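Here's the letter readout for the chains.
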Amino acid sequence: MPEIELLSVVAVLEDMPEEGLRRGQVGTIVEILAPGVYEVEFSDDAGRTYASLALRAERLLQLRYERGNRVA
């Protein structure tokens with residue numbers, strides 16, 4: 001799996017009730033802690049952070065806004 005880049009937009013793939021997050025909530029990669037481990041910041045529409053936590057790549061889906069190469 002390729003590394004997710006700093007400042008990439010991601011969504012969580014599962015509910016995390018202990019963190020107050022639900023599947024599909026969107027965050028931003030703010031730090032790369034180790035290979036495949038990222039600090040993700042979750043903010044509301046006003047820009048106020050409501051959660052910031054370390055997550056493994058397997059728990060994230062990188063969101064894309066540009067058209068990519070065709071995937072087989």
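Refer to the structure presented above.
Quick notes on the rules
Residues numbered from 1 in each chain as written. Predicted model: local features only at pLDDT ≥ 70, side-chain atom pairs only at ≥ 80, totals over all residues. Heavy atoms only, no water. Helix = DSSP H or I, 4+ residues; strand = E, 2+ residues; numbered from the N terminus. Polar contact = N/O pair within 3.5 Å; in protein donor to acceptor, adjacent residues only side chain to side chain. Contact = heavy atoms within 4.5 Å. Pairing = 2+ DSSP bridges. Axes fitted to C-alpha atoms, helices over the stretch in contact; angles between N-to-C directions. Salt bridge = Lys/Arg side-chain N within 4 Å of Asp/Glu carboxyl O. Buried < 20%, exposed > 50% of the residue type's maximum accessible area, 1.4 Å probe, protein only. Core = buried A, V, L, I, M, F, W, Y, C linked by side-chain atoms within 4.5 Å.

A. The arrangement of the side chain of Ser8 in detail. Its place among the elements puts Ser8 in the segment before strand E1 (9-12). A distance of 2.8 Å separates a polar side-chain atom of Ser8 from the backbone oxygen of Glu5. Those residues within four positions of Ser8 in sequence are excluded, and the remaining contacts are Gly27, Thr28, Ile29 and Gln62.

B. Molecular detail of the sheet that holds E1. If you trace the five strands from one edge of the open sheet to the other, you get E4-E3-E2-E1-E5, paired in antiparallel fashion. Whereas interior strands pair on both sides, the edge strands pair on one side only; in this sheet they are strand E4 (49-56) and strand E5 (60-62). Strand-to-strand, the axes of this sheet are offset by a mean angle of 40°, without reference to chain direction. Here E1 runs beside E5; their pairing, made up of three bridges, is antiparallel. Counted as the bridge partner of Val10 is Gln62 from E5.

C. Representation of the pattern of salt bridges. Throughout the structure, instances matching the rule amount to three salt bridges. Asp44 is paired through a salt bridge with Arg48; the nearest N and O atoms lie 3.0 Å apart. Among the salt bridges present, the one from Glu58 reaches Arg56, with a minimum N-O distance of 3.3 Å. Judged by its relative accessible area of 52%, Glu58 falls in the exposed class.

D. Seen up close, the nonpolar core. The biggest cluster of nonpolar side chains holds 14 residues, and the ones touching the most others in it are Ile29, Tyr38, Val40, Phe42, Leu53, Leu55 and Leu60. Among the secondary structure elements, those contributing two or more residues to this core are E1, strand E3 (37-43) and E4. If sequence neighbours within four positions are ignored, Leu53 has contacts with Met16, Glu19, Leu21, Tyr38, Glu39, Val40 and Phe42.

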